[in-house]
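# Commentary on secondary and tertiary structure
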Amino acid sequence: MYLLGQKEAGLKLLKKANLITFLTDHEVSFLKNEKIYLAKYLTAQELTEVFDFSQISYLKE
């Protein structure tokens, strides 16, 4: 959706997908590879936003 011009909806979906990955304890390398891939398309600010899990980190304690 992001690449089709629906940036806001695309960013929300990317954040949700990354959040699911984070919460299900996938290997850290998976998220690192995802970040490297998305850096080709997203701005630095967008990249930070879709990988910001600071608001939910308490769930993993």
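Residues numbered from 1 in each chain as written. Predicted model: local features only at pLDDT ≥ 70, side-chain atom pairs only at ≥ 80, totals over all residues. Heavy atoms only, no water.

A few words now on the overall build of the protein. Check the secondary structure of the protein and you find three helices and zero strands. Walking the protein from its N terminus toward its C terminus, one meets helices and strands in the order α-α-α. In terms of C-alpha radius of gyration, the protein reaches 12 Å, essentially the compact-globule figure of 10 Å for 61 residues. Seen through its C-alpha atoms, the protein measures out along the principal axes to roughly 35 × 20 × 15 Å. Of all 61 residues assigned to the protein, the portion counted as buried reaches 26%. Of the contacts made within the protein by residues no fewer than 6 positions apart, 56% connect residues no fewer than 24 positions apart. In the structure as shown, the protein presents an accessible area of about 4700 Å², 59% of it carried by carbon and sulfur atoms. (Helix = DSSP H or I, 4+ residues; strand = E, 2+ residues; numbered from the N terminus. Rg over C-alpha atoms; globule rule 2.2 N^0.38 Å. Buried < 20%, exposed > 50% of the residue type's maximum accessible area, 1.4 Å probe, protein only. Contact = heavy atoms within 4.5 Å. Areas by Shrake-Rupley, 256 points an atom, 1.4 Å probe, with all protein chains shown as cover.)

What the rule picks out here adds up to one salt bridge. Between Glu-8 and Lys-12 there is a salt bridge; the shortest N-O distance is 3.7 Å. A residue pair is termed a helical-turn pair when its members lie 3 or 4 positions apart in one helix, as Glu-8 and Lys-12 do in helix α1 (residues 7-23) at four residues. (Salt bridge = Lys/Arg side-chain N within 4 Å of Asp/Glu carboxyl O.)

Quick look at the packing of aromatic side chains now. Across all of its chains, the model carries two aromatic pairs by this definition. Ring geometry for Phe-22 and Phe-53: centres 4.6 Å apart, planes at 20°, overall stacked. Of this pair, Phe-22 sits in helix α1 while Phe-53 sits in the segment after α3 (44-50); the two residues are 31 residues apart in sequence, bridging distant segments of the chain. One exposure class covers both Phe-22 and Phe-53, and it is buried. (Phe/Tyr/Trp six-rings, centres within 6.5 Å; stacked < 30°, edge-to-face > 60°.)

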